[in-house]
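# Reading the structure
What follows is each chain in one-letter form.
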Amino acid sequence: AASDVYKRQGVEAAKAFANAFNELHSLTSVDLSDIFTGRNLSEIPPALESITQSLIDKKNLTDLDLSDNAFGAKGIESFTELIIKNRSIKHLKLNNNGLGQNGGIILSKALMGTKTEDSTVNDVYGAKIETITIGRNRLENPGIEALSSVFKEMGSLTKLSLPQNGIRVEGICALAKALRYNLNLRELDLYDNNVGLQGAEELAKTFVVTKYLRNLNLGDCLIGSDGVILLSESLAHLNDLSEINLEFDDIDEKAAISLSVALKNKSKLSKLELNGNAISKKGLEVLKGILKDLGKGENVLGSMSENEDEDDVLDEDQEDENENDQDDQDDDQDDENDDDEDEKNIESVVEKVKDLAIDH
């Protein structure tokens, strides 16, 4: 309802919200997601500043959600003062805001307690955020590297969600190293970023110390079988694992069996997503056997509708090779037939020439 009012009245509505918030001294949670749809970009910073200024003195405020507002890097500057001054915030959601690299850097400075390079505020250990969601923001390597330095100093994260940010291997490595200082991390979502083999190696080292990790989403992260084998060695020590997503990660039979070994003691496992890989029937049988031994129902293993059976892939490759060989043989035969036909045509032409010569 609040978002509908704002969409109709714009900046004036934001000022009205701010006045109302000024009177609500016991606020614990503020959801301002998707309130700027349909407004001009120029309206957003002043509107956002009006609202967030009214929240600075709310010492009971723990939850702030500004998701699905396309305010970008300029917009985030309008509420950095709230992040700097109100250290009661523990749960921050900035999903799909168009932050980009610069927005990530600006946010990192606010979390560190510095709004600009020459700011007099120097509260290095100020922010103690517990859960952060910054998905679909194109942070890329510069943005996540800046934030990683903050995560290292905070050491308070229990949940970190960073899906679809265009982060590449170097950024993942920087993040993994920072997370080793967040020993109570329970949920990590890096869906649809480029982890790669090197990133998997750094994450494997991290999971050795983040012993309370429960939910892990590394789907569509280009990890590959070798990367999953590295991860499996560290996942074996995480007894609280409940949900694992390794969909579309180019996993073969060998990696699947390695993962199966790591899951042997995971009595709390409730969801395992492995769709979109190339796991053979044998690999799946081993996985299902482990799940059965754990007393888990078939619903724990998610849909495998897009899994390309490794054996079938090999069979298809063999079929393609056989078809190519047959095509080559057919082409050779066609060439021979064409040559015979050409010879006959030549002979016919020669005979005609001879006949003409005789006639003349």
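Reading the values: the criteria
- Residues numbered from 1 in each chain as written.
- Predicted model: local features only at pLDDT ≥ 70, side-chain atom pairs only at ≥ 80, totals over all residues.
- Heavy atoms only, no water.
- Helix = DSSP H or I, 4+ residues; strand = E, 2+ residues; numbered from the N terminus.
- Buried < 20%, exposed > 50% of the residue type's maximum accessible area, 1.4 Å probe, protein only.
- Areas by Shrake-Rupley, 256 points an atom, 1.4 Å probe, with all protein chains shown as cover.
- Salt bridge = Lys/Arg side-chain N within 4 Å of Asp/Glu carboxyl O.
- 1 Å grid on protein atoms, 1.4 Å probe; cavity = no way out; pocket = protein on both sides within 12 Å on 5 of 7 lines; lining within 4 Å.
- Points joined across faces, edges and corners; volume = space filled by probe spheres on them.
- Nonpolar A, V, L, I, M, F, W, Y, C, P; charged D, E, K, R; others polar.
- Core = buried A, V, L, I, M, F, W, Y, C linked by side-chain atoms within 4.5 Å.
- Contact = heavy atoms within 4.5 Å.
- Phe/Tyr/Trp six-rings, centres within 6.5 Å; stacked < 30°, edge-to-face > 60°.
- Patch = residues over 30% accessible without salt bridge, like charges linked within 9 Å, V, L, I, M, F, W, Y side chains within 5 Å.
- pLDDT = per-residue confidence, 0-100.

## Concerning the overall build of the protein
Looking only at helices and strands, the protein features 13 helices and nine strands. Put simply, the protein has 360 residues, and 45% of those count as buried. Carbon and sulfur atoms make up 46% of the accessible area of the protein, which amounts to about 18100 Å² in all.

## Quick word on the pattern of salt bridges
The tally for this structure, following the rule as stated, stands at eight salt bridges. Of the charged contacts, one joins Glu-81 and Lys-85 as a salt bridge, the two residues approaching to 2.6 Å between their closest N and O atoms. Residue Glu-81 and its partner Lys-85 are located together in helix α5 (residues 80-85), separated by four residues, close to a single helical turn. For Glu-81, a relative accessible area of 22% puts it in the partly exposed group. Exposure remark for Lys-85: the relative accessible area of 47% places this residue in the partly exposed category. We note a salt bridge from Lys-268 to Asp-240, for which the minimum N-O separation is 2.8 Å. Within this pair, whereas Lys-268 is found in the loop between α11 (253-262) and β9 (271-273), its partner Asp-240 is found in the loop between α10 (224-235) and β8 (243-245), the two being separated by 28 residues in sequence. Put simply, Arg-180, Glu-202 and Lys-205 are held in one network by salt bridges that share partners.

## Side note on the layout of surface pockets
By volume, the largest pocket amounts to about 220 Å³. Only β5 (159-161), β6 (187-189), β7 (215-217), β8 and β9 provide two or more residues apiece to the lining of the largest pocket. Class assignment for the residues of the lining of the largest pocket results in four nonpolar, five polar and seven charged. When its volume is computed, the second largest pocket comes out at roughly 160 Å³. Together, 13 residues line the second largest pocket, and Asp-63, Leu-64, Asp-65, His-91 and Lys-93 are the ones closest to its centre. Sorting the residues of the lining of the second largest pocket by element identifies β1 (29-31), β2 (63-65), β3 (91-93) and β4 (131-133) as the ones contributing at least two each. In terms of residue class, the lining of the second largest pocket is built from four nonpolar, four polar and five charged.

## Here we look at the nonpolar core
Ranked by size, the top nonpolar core spans 89 residues in total, and within it Phe-151, Leu-160, Leu-188, Leu-203, Leu-218 and Leu-274 carry the most contacts. Each residue touching Leu-203, except ones within four places of it in the same chain, is listed here: Ile-172, Ala-176, Leu-188, Leu-190, Val-195, Leu-218 and Leu-231.

## Some words on the packing of aromatic side chains
Counting across every chain of the model gives one aromatic pair. With a centroid separation of 5.6 Å and 75° between ring planes, the pair formed by Phe-71 and Phe-79 is classed as edge-to-face. With respect to class, Phe-71 is no different from Phe-79; both count as buried.

## What about a nonpolar patch on the surface?
A contiguous nonpolar surface patch, about 230 Å² in accessible area, is contributed by Leu-183, Val-208 and Val-209. Here Leu-183 is to be found in the loop between α8 (169-179) and β6. Classification of Leu-183 by relative accessible area gives partly exposed; the value is 45%.

## Side note on the confidence of the model for the protein
Taken over all residues, the pLDDT of the protein has a mean of 86, while the share at 70 or more is 80%. Note that residues 115-124 has pLDDT below 50 and, in this model, 15 contacts with residues that lie over four places away or in other chains. Here residues 342-360 is modelled with pLDDT under 50, and outside its nearest four sequence neighbours on either side it reaches zero contacts, counting other chains as well.

## Things to note about unusual backbone geometry
One non-glycine residue with positive phi stands out, namely Arg-136, at about 55°. A relative accessible area of 47% means that Arg-136 is categorised as partly exposed. A positive phi angle is found at Asp-250, which is not glycine, with a value near 60°. If you trace the backbone, Asp-250 turns up in the loop between β8 and α11. When its relative accessible area of 53% is taken as the criterion, Asp-250 is described as exposed.

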